[in-house]
Amino acid sequence: MPIHLECLSHTPLHGYVDPAPHVVAEVECVTQAARARVEAFDPELVIVFAPDHYNGFFYDVMPPFCIGVEASAVGDFKSLAGPLNVDAGLALALAADVLADEIDVSVSYRMQVDHGCAQALELLTGGLDRYPTIPVFINSVAPPLATCRRARLLGQAIGRFVARLDKRVLVIGSGGISHEPPVPEIEGANDEVAERLIAGRNPSAESRAARQARTVAAALAFTSGTSPLHPLNPEWDRAFLDRLASGELSAVDGMTNDAISRDAGKSAHEIRTWIAAFGALAAHGPYRASLDYYRAIPEWIAGFAAMHASPVAQGTRAVVDHPVAAAAA
Ligand SMILES: O=C(O)CCC(=O)/C=C/C=C(\O)C(=O)O
Ligand SMILES: [Fe+2]
């Protein structure tokens, strides 16, 4: 029944193209504090909402949402590889419950997750298998995408399931806010790239190294101001984060996919992971949210943020704390 939320941006570029040491230290400090909160909360179940970047989900079948019944991490960039500790029975019960709630999720008995999931698990829990976990994939890079409203409803359906469990549950949302790293797109792709996006599971070491080198080169160009990639949009990011913190979650329903791409970049759709996580929390009633960190970090091509939140007594309006936000303006 007790629920705690941690949302965190991820980046594959940490350790490849880093910002100034004081910025890296800030982020480490924020993630260590988040890890300490998780340790103190001592979850009996972790539900992690995460995107994928054509490492586990491809256009042979691209679901909008998928619950992992068994899962392992591919270990792209510097993220951990290996099996997650998935509670298969609970994952299946969750999927059945969410479907009964009329949100159409799929399941996978062989889910592969990438840095988008593994980095958050490592930073917040210390590994991939520390706690029983259910990974929930939210398609955030491969159009057509479900709406933000649908991500909210998915999160709320999961939150209602969680509320009936007699367990301490940590919900994690893992995603950048405004950002547009060089994730390939099927529209206009040549045959080789299209084939990789349709059926690129388990790439060769050379192919993976080439992809990673392209991302690193893009980050260097973005940092030096010579990149055509969409600029970061701190104003948009802060408005979005404030919206989540305010507790007026249904306000995200008006955010259209076109407007998100236009204003915040094509990977800003990863905000769905945060929306779903807050949806799960909101199913427990009003909450107190703290914006622990925000900074636009060009080296990581990311509007990079961290928030945590937990329920407050019924009858209380949502409460917002911004302890670090001013420092990291
Ligand atoms: O196939 C590729 O080249 C993918 C590159 C990639 O995975 C980039 C990911 C970036 C993020 O996850 C992010 O900034 O959120
Ligand atoms: Fe990502």
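Everything numeric in this text was worked out from a predicted model, so none of it was measured.

Novice: Explanation requested: the site of ligand 1 in the structure shown.
Specialist: Around ligand 1, a shell composed of 13 residues is seen, among which His10, His53, His115, His179 and Arg211 lie nearest. Histidine 179 places a polar side-chain atom, nitrogen or oxygen, 2.8 Å from an oxygen atom of ligand 1. Measuring from an oxygen atom of ligand 1, one finds a side-chain N or O atom of arginine 211 at 2.8 Å. Against a free-state accessible area of 410 Å², the protein chains account for coverage of 98% of ligand 1.

Novice: Sorry, what's going on with the packing of aromatic side chains here?
Specialist: For any pair of aromatic rings, the description consists of the separation of the ring centres together with the inter-plane angle of the planes. Tallying each qualifying case throughout the model produces six aromatic pairs. Ring centres of phenylalanine 57 and phenylalanine 137 lie 3.7 Å apart, and the angle between their planes is 5°; on these two criteria the pair is classed as stacked. Of the two residues, phenylalanine 57 is situated in the loop between strand E2 (45-50) and strand E3 (65-68) and phenylalanine 137 in strand E8 (residues 133-138); the sequence distance between them amounts to 80 residues. The burial state of phenylalanine 57 is the same as that of phenylalanine 137; both residues are buried. Ring centres 5.2 Å apart and planes at 55° place the aromatic pair tryptophan 300 and phenylalanine 304 in the tilted group. One exposure class covers both tryptophan 300 and phenylalanine 304, and it is buried.

Novice: How should I be thinking about the packing of helix H1 (residues 21-41) against helix H3 (residues 115-125) in this particular structure?
Specialist: Two numbers describe a pair of packed helices, the interaxial angle and the distance between the axes. In the contact formed by H1 and H3, the axes pass within 7 Å of each other and the chain directions differ by 70°. Put simply, H1 runs roughly perpendicular to H3. Between H1 and H3, the residues in contact are Thr31, Ala34, Arg35 and Val38 and Leu123, Leu124 and Thr125, respectively. When its residues are assigned to classes, the contact of H1 with H3 shows four nonpolar, two polar and one charged.

Novice: Just checking my understanding: could you explain helix H9 (residues 271-282) for this structure?
Specialist: For the α-helix, the turn length of 3.6 residues means that residues three or four positions removed from each other point alike. In a regular helix each residue adds 1.5 Å, so twelve residues correspond to 16 Å; H9 covers 16 Å between its end C-alpha atoms and thus fits that length. Across the twelve residues of H9, eleven count as buried, placing the element largely inside the fold. Those residues of H9 not exposed but buried are Ile271, Arg272, Thr273, Trp274, Ile275, Ala276, Ala277, Phe278, Gly279, Ala280 and Leu281.

Novice: Sorry, what's going on with the sheet that holds strand E5 (residues 81-83) here?
Specialist: Note on sheets: strands pair through backbone hydrogen bonds, and any given pair is parallel or antiparallel. Across the sheet, three strands lie side by side as E5-E4-E7; this open sheet has mixed pairing. Bordering the open sheet on either side are E5 and strand E7 (111-113), each of which pairs with just one other strand. For this sheet, the mean inter-axis angle between neighbouring strands, taken without regard to orientation, is 20°. Pairing between strand E4 (residues 71-74) and E7: three bridges, direction parallel. Its bridge partner lying in E7, serine 72 is registered against glutamine 112.

Novice: Can you walk me through the environment of alanine 296 in this structure?
Specialist: Assignment of secondary structure puts alanine 296 in strand E10 (residues 287-297). Judged by relative accessible area, alanine 296 falls into the partly exposed class, the value being 27%. Counting along the chain gives eleven residues from alanine 296 to glycine 285, while the straight-line C-alpha distance between them is 31 Å. If sequence neighbours within four positions are ignored, alanine 296 has contacts with Leu232, Pro234, Ala302 and Gly303.

Novice: Sorry, what's going on with the UniProt feature "active site" (unreviewed entry) in the protein here?
Specialist: The sites that UniProt annotates as "active site" (unreviewed entry) are His115 and His179. Position of histidine 115 among the secondary structure elements: in helix H3. We classify histidine 115 as buried; its relative accessible area is 3%. If we skip the residues at most four places from it in the chain, histidine 115 touches His10, Thr11, Pro12, His53, Asp76, Phe77, Ser79 and Ala120. Of note is the side chain of histidine 115, whose polar atom sits 2.6 Å from the side chain of aspartate 76. In this fold, histidine 179 is placed in the loop between strand E9 (169-174) and helix H5 (191-199). The class of histidine 179 is buried, set by a relative accessible area of 5%. Apart from the residues lying within four places of it in its own chain, the contact partners of histidine 179 are Leu232, Ala264, Gly265, Lys266, Ser267, Ala268, Glu270, Ile301, Ala302 and Gly303.

Calculation rules
- Each chain carries its own residue numbering, running from 1 in the direction its sequence is written.
- Chains carry letters and ligands carry numbers; both start at the beginning, A for chains and 1 for ligands, and go up in the order they are written.
- Restriction of local features to residues with pLDDT of at least 70 applies here, the model being predicted, together with a cutoff of 80 or more for giving and counting side-chain atom pairs; totals for whole chains, interfaces and linings are based on all residues.
- To obtain the side-chain values, all non-hydrogen atoms of the structure were included, while hydrogens and water were left out.
- Throughout, the term near means that a residue has one or more heavy atoms lying within 4 Å of the molecule or strand in question.
- Pairing of N or O atoms within 3.5 Å defines a polar contact, subject to two protein rules: one partner must be a possible hydrogen donor and the other a possible acceptor, and residues neighboring in sequence count only if both atoms are side-chain atoms.
- We get accessible surface area from the Shrake-Rupley algorithm with a probe of 1.4 Å; when it comes to residues, only the shown protein chains can shield them.
- Centre distance within 6.5 Å is the pairing criterion for rings of Phe, Tyr and Trp, where only the six-membered ring of Trp is used; planes under 30 degrees apart are then read as stacked, over 60 as edge-to-face, and the remainder as tilted.
- Note on conventions: DSSP H or I runs of at least 4 residues are helices, E runs of at least 2 residues are strands, and numbering of each starts at the N terminus.
- Only protein chains enter the area calculation, which uses a 1.4 Å probe; residues under 20% of their type maximum are buried, those over 50% are exposed, and those in between are partly exposed.
- For helices, the fitted axis covers only the stretch in contact; all axes are lines through C-alpha atoms, and the angles between them, taken along N-to-C directions, range from 0 to 180 degrees.
- Roughly parallel refers to an angle under 35 degrees, roughly antiparallel to one over 145, roughly perpendicular to one between 65 and 115, and oblique to any angle outside these ranges.
- Whether two residues are in contact is decided by their heavy atoms: any pair within 4.5 Å suffices.
- Just so you know the grouping, Ala, Val, Leu, Ile, Met, Phe, Trp, Tyr, Cys and Pro go in nonpolar, Asp, Glu, Lys and Arg go in charged, and all remaining residues, Gly too, go in polar.
- Helix span, expected: 1.5 Å multiplied by one less than the number of residues in the helix.
- By this definition, two strands are paired if DSSP reports at least two bridges between them.
- UniProt positions are given in the numbering used here, feature names are shortened, and annotations may be inferred rather than shown by experiment.

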